[in-house]
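The lines below spell out each chain.
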Amino acid sequence: MKYLVVSDNHGDRNILVELVNRYVGMVDHMFHCGDSELQANDELWEHFTVVTGNCDYDPGYKKEQVVSIGDDVIYMTHGHLSNVRFGLTMLSLQAQEAGANIALFGHIHQAVAELDKDILFVNPGSVSQPRGPVQIPSYAIIDSEKTGYHVQFYNRAHQPIEELAADFEH
(Lines give C-alpha, C1' and ligand atoms only; values in the text may rest on other atoms or scores of the structure.)
Protein backbone atom coordinates (compact mmCIF):
# COMPACT_ATOMS: atom_id res chain seq x y z
CA MET A 1 0.00 0.00 0.00
CA LYS A 2 1.10 3.55 -0.66
CA TYR A 3 0.17 6.46 1.62
CA LEU A 4 0.70 10.18 1.26
CA VAL A 5 1.16 12.02 4.57
CA VAL A 6 1.16 15.80 4.93
CA SER A 7 0.92 18.14 7.89
CA ASP A 8 1.21 21.70 9.11
CA ASN A 9 0.46 23.63 5.92
CA HIS A 10 -0.85 26.51 8.10
CA GLY A 11 -3.37 28.03 5.72
CA ASP A 12 -1.53 27.22 2.48
CA ARG A 13 -4.45 25.52 0.74
CA ASN A 14 -2.79 25.61 -2.68
CA ILE A 15 -0.14 23.03 -1.77
CA LEU A 16 -2.90 20.61 -0.70
CA VAL A 17 -4.75 21.17 -3.98
CA GLU A 18 -1.46 20.46 -5.78
CA LEU A 19 -0.95 17.22 -3.82
CA VAL A 20 -4.52 16.07 -4.53
CA ASN A 21 -4.14 16.82 -8.25
CA ARG A 22 -0.79 15.03 -8.38
CA TYR A 23 -1.50 11.95 -6.25
CA VAL A 24 -5.20 11.03 -6.46
CA GLY A 25 -5.26 7.58 -8.03
CA MET A 26 -1.51 7.13 -7.46
CA VAL A 27 -1.67 6.47 -3.70
CA ASP A 28 -4.03 4.26 -1.73
CA HIS A 29 -4.82 6.89 0.90
CA MET A 30 -3.95 10.45 1.89
CA PHE A 31 -3.56 11.67 5.47
CA HIS A 32 -3.36 15.19 6.90
CA CYS A 33 -1.95 15.36 10.42
CA GLY A 34 -3.42 18.73 11.40
CA ASP A 35 -2.75 22.45 11.48
CA SER A 36 -4.27 23.04 8.07
CA GLU A 37 -6.15 26.10 9.39
CA LEU A 38 -8.91 25.23 6.90
CA GLN A 39 -12.58 24.68 7.68
CA ALA A 40 -13.52 21.13 8.66
CA ASN A 41 -16.04 21.03 5.80
CA ASP A 42 -13.52 22.07 3.11
CA GLU A 43 -14.11 20.01 -0.05
CA LEU A 44 -10.43 19.04 -0.05
CA TRP A 45 -11.05 16.75 2.91
CA GLU A 46 -13.00 14.30 0.75
CA HIS A 47 -9.53 13.15 -0.36
CA PHE A 48 -7.90 12.99 3.09
CA THR A 49 -8.29 11.47 6.51
CA VAL A 50 -7.65 14.51 8.70
CA VAL A 51 -7.25 15.41 12.38
CA THR A 52 -7.25 18.67 14.28
CA GLY A 53 -4.09 20.50 15.24
CA ASN A 54 -3.42 23.10 17.89
CA CYS A 55 -3.97 25.84 15.26
CA ASP A 56 -7.24 24.38 13.94
CA TYR A 57 -10.16 26.07 15.65
CA ASP A 58 -13.03 24.44 13.77
CA PRO A 59 -14.71 21.99 16.21
CA GLY A 60 -15.62 19.71 13.29
CA TYR A 61 -12.26 17.94 13.33
CA LYS A 62 -11.46 14.76 15.26
CA LYS A 63 -8.50 14.66 17.68
CA GLU A 64 -7.41 11.24 16.44
CA GLN A 65 -8.31 8.77 13.73
CA VAL A 66 -7.74 5.04 13.29
CA VAL A 67 -7.89 3.73 9.73
CA SER A 68 -7.56 0.10 8.60
CA ILE A 69 -6.28 -0.41 5.06
CA GLY A 70 -5.29 -3.90 3.97
CA ASP A 71 -2.98 -5.30 6.66
CA ASP A 72 -2.22 -1.85 8.10
CA VAL A 73 -3.87 -0.20 11.08
CA ILE A 74 -2.93 3.48 11.04
CA TYR A 75 -3.23 5.65 14.12
CA MET A 76 -3.12 9.38 13.47
CA THR A 77 -3.11 12.44 15.68
CA HIS A 78 -1.53 15.89 15.46
CA GLY A 79 0.72 15.28 18.42
CA HIS A 80 0.15 18.31 20.65
CA LEU A 81 -2.11 16.23 22.89
CA SER A 82 0.48 13.41 22.92
CA ASN A 83 3.41 15.57 24.09
CA VAL A 84 5.43 14.67 20.98
CA ARG A 85 7.80 17.58 21.62
CA PHE A 86 9.10 15.49 24.56
CA GLY A 87 9.35 12.14 22.77
CA LEU A 88 7.09 9.47 21.32
CA THR A 89 6.21 7.54 24.49
CA MET A 90 2.61 8.72 24.80
CA LEU A 91 2.04 8.43 21.04
CA SER A 92 3.46 4.91 21.14
CA LEU A 93 1.06 3.91 23.93
CA GLN A 94 -1.88 5.41 22.01
CA ALA A 95 -0.86 3.57 18.83
CA GLN A 96 -0.44 0.29 20.75
CA GLU A 97 -3.87 0.72 22.34
CA ALA A 98 -5.36 1.23 18.86
CA GLY A 99 -3.61 -1.92 17.61
CA ALA A 100 -1.74 0.18 15.04
CA ASN A 101 1.38 -0.74 13.11
CA ILE A 102 1.74 2.81 11.73
CA ALA A 103 1.49 6.03 13.76
CA LEU A 104 1.27 9.37 11.95
CA PHE A 105 1.72 12.75 13.60
CA GLY A 106 2.64 16.37 12.96
CA HIS A 107 3.11 19.35 15.29
CA ILE A 108 6.92 19.45 15.54
CA HIS A 109 7.42 20.52 11.89
CA GLN A 110 10.30 18.03 11.52
CA ALA A 111 10.54 14.95 9.29
CA VAL A 112 10.63 11.74 11.35
CA ALA A 113 10.68 8.10 10.28
CA GLU A 114 11.48 5.46 12.86
CA LEU A 115 10.43 1.95 13.78
CA ASP A 116 9.97 1.10 17.46
CA LYS A 117 8.07 -1.82 19.05
CA ASP A 118 6.93 -2.87 15.54
CA ILE A 119 5.25 0.50 14.99
CA LEU A 120 6.35 2.79 12.17
CA PHE A 121 6.29 6.42 13.35
CA VAL A 122 6.14 9.06 10.61
CA ASN A 123 5.98 12.81 10.82
CA PRO A 124 5.97 14.26 7.29
CA GLY A 125 7.51 17.51 8.50
CA SER A 126 5.79 20.77 7.65
CA VAL A 127 4.94 21.39 4.01
CA SER A 128 5.02 25.16 4.73
CA GLN A 129 7.10 25.97 7.82
CA PRO A 130 9.92 23.48 8.47
CA ARG A 131 11.85 23.55 11.74
CA GLY A 132 14.88 21.75 13.06
CA PRO A 133 18.08 20.66 11.33
CA VAL A 134 16.54 20.08 7.86
CA GLN A 135 14.97 23.35 6.74
CA ILE A 136 13.09 21.90 3.75
CA PRO A 137 9.29 22.01 3.51
CA SER A 138 8.25 18.38 3.13
CA TYR A 139 5.59 15.71 2.89
CA ALA A 140 6.02 11.92 2.96
CA ILE A 141 5.06 8.86 0.95
CA ILE A 142 5.02 5.55 2.82
CA ASP A 143 5.26 2.28 0.89
CA SER A 144 3.97 -0.44 3.19
CA GLU A 145 4.72 -3.98 2.10
CA LYS A 146 4.68 -7.38 3.77
CA THR A 147 8.46 -7.29 4.20
CA GLY A 148 8.74 -3.73 5.52
CA TYR A 149 8.35 -0.02 4.90
CA HIS A 150 9.99 2.54 2.67
CA VAL A 151 9.48 6.18 3.68
CA GLN A 152 10.41 8.87 1.18
CA PHE A 153 10.13 12.56 1.92
CA TYR A 154 9.54 15.09 -0.87
CA ASN A 155 9.98 18.84 -1.15
CA ARG A 156 7.38 21.26 -2.52
CA ALA A 157 8.73 20.74 -6.05
CA HIS A 158 7.85 17.02 -5.54
CA GLN A 159 11.52 16.03 -5.68
CA PRO A 160 12.73 13.32 -3.27
CA ILE A 161 14.82 14.48 -0.32
CA GLU A 162 17.26 11.58 -0.57
CA GLU A 163 19.04 12.13 2.75
CA LEU A 164 15.75 11.63 4.63
CA ALA A 165 14.71 8.36 2.95
CA ALA A 166 14.31 5.42 5.35
CA ASP A 167 13.79 1.67 4.99
CA PHE A 168 12.59 -0.66 7.73
CA GLU A 169 12.14 -4.43 7.73
CA HIS A 170 9.32 -6.11 9.67
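Residues numbered from 1 in each chain as written. Predicted model: local features only at pLDDT ≥ 70, side-chain atom pairs only at ≥ 80, totals over all residues. Heavy atoms only, no water.

Draft legend 1. A look at the UniProt feature "domain: Calcineurin-like phosphoesterase" (unreviewed entry) in the chain. The feature "domain: Calcineurin-like phosphoesterase" (unreviewed entry), as annotated in UniProt, sits at residues 1-146 in this numbering. With 14% helix and 31% strand, residues 1-146 has its two end C-alpha atoms placed 10 Å apart. (UniProt positions renumbered as here; feature names shortened; annotations may be inferred. Helix = DSSP H or I, 4+ residues; strand = E, 2+ residues; numbered from the N terminus.)

Draft legend 2. Geometry of the pattern of salt bridges. A full pass over the atoms with the stated rule returns six salt bridges. As a salt-bridge pair, Glu43 and Arg13 come within 3.8 Å of each other at their nearest N and O atoms. Of the two residues, Glu43 sits in the loop between strand E2 (29-32) and strand E3 (49-50) while Arg13 sits in helix H1 (residues 13-23), which places them 30 residues apart along the sequence. For Lys146, the salt bridge goes to Asp71, with nearest N and O atoms at 2.3 Å. Here the residue Lys146 occupies a position in the loop between strand E9 (139-145) and strand E10 (148-154), and Asp71 occupies one in the loop between strand E4 (64-69) and strand E5 (72-77), the gap between them amounting to 75 residues. No difference in accessibility class separates Lys146 from Asp71, as the two residues are exposed. Each of Arg13, Asp42 and Glu43 takes part in one network of salt bridges that share partners. (Salt bridge = Lys/Arg side-chain N within 4 Å of Asp/Glu carboxyl O. Buried < 20%, exposed > 50% of the residue type's maximum accessible area, 1.4 Å probe, protein only.)

Draft legend 3. Layout of the sheet that holds strand E6 (residues 102-104). Pairing within the open sheet is mixed, and its five strands lie in the order E4-E5-E6-E8-E7. Of all the strands in the sheet, just E4 and strand E7 (111-116) have a single pairing partner and so form its edges. Neighbouring strand axes in the sheet, compared pairwise and without regard to direction, differ in orientation by 15° on average. In this sheet, strand E8 (residues 119-124) lies alongside E6 in parallel orientation, the contact comprising three bridges. (Pairing = 2+ DSSP bridges. Axes fitted to C-alpha atoms, helices over the stretch in contact; angles between N-to-C directions.)

Draft legend 4. A look at the packing of aromatic side chains. For the structure shown, the criterion picks out five aromatic pairs. On the numbers, 5.8 Å between centres and 75° between planes, the contact of Tyr23 with Tyr139 is edge-to-face. Taken together, the residues span a long stretch of sequence, with Tyr23 in helix H1 and Tyr139 in strand E9 at a distance of 116 residues. With respect to burial, Tyr23 and Tyr139 carry one shared label: buried. Put simply, the rings of Tyr23, Tyr139 and Tyr154 pair up and form one aromatic cluster. (Phe/Tyr/Trp six-rings, centres within 6.5 Å; stacked < 30°, edge-to-face > 60°.)

Draft legend 5. Up close: the nonpolar core. In terms of nonpolar packing, the biggest core is built from 22 residues, with Phe31, Ile102, Leu104, Leu120, Ile142 and Val151 touching the most fellow members. At the level of elements, strand E1 (2-6), E4, E5, E6, E8, E9, E10 and strand E11 (166-169) are the ones that each hand at least two residues to this core. What Ile102 contacts, discounting residues up to four positions off in sequence, is Tyr3, Asp72, Val73, Ile74, Tyr75, Ile119, Leu120, Ile142, Ser144 and Tyr149. Judged by nonpolar contacts, the second largest core, of 19 residues, contains Leu4, Leu38, Phe48 and Val127. (Core = buried A, V, L, I, M, F, W, Y, C linked by side-chain atoms within 4.5 Å. Contact = heavy atoms within 4.5 Å.)

Draft legend 6. Structural context of the pairing of E7. The pairing of E7 with E8 spans six bridges and is classified as antiparallel. The residue bridging Ala111 from the neighbouring strand is Pro124, located in E8. Hairpin remark: E7 followed by E8, antiparallel, with two residues in the connecting loop; positive phi at Lys117, about 55°.

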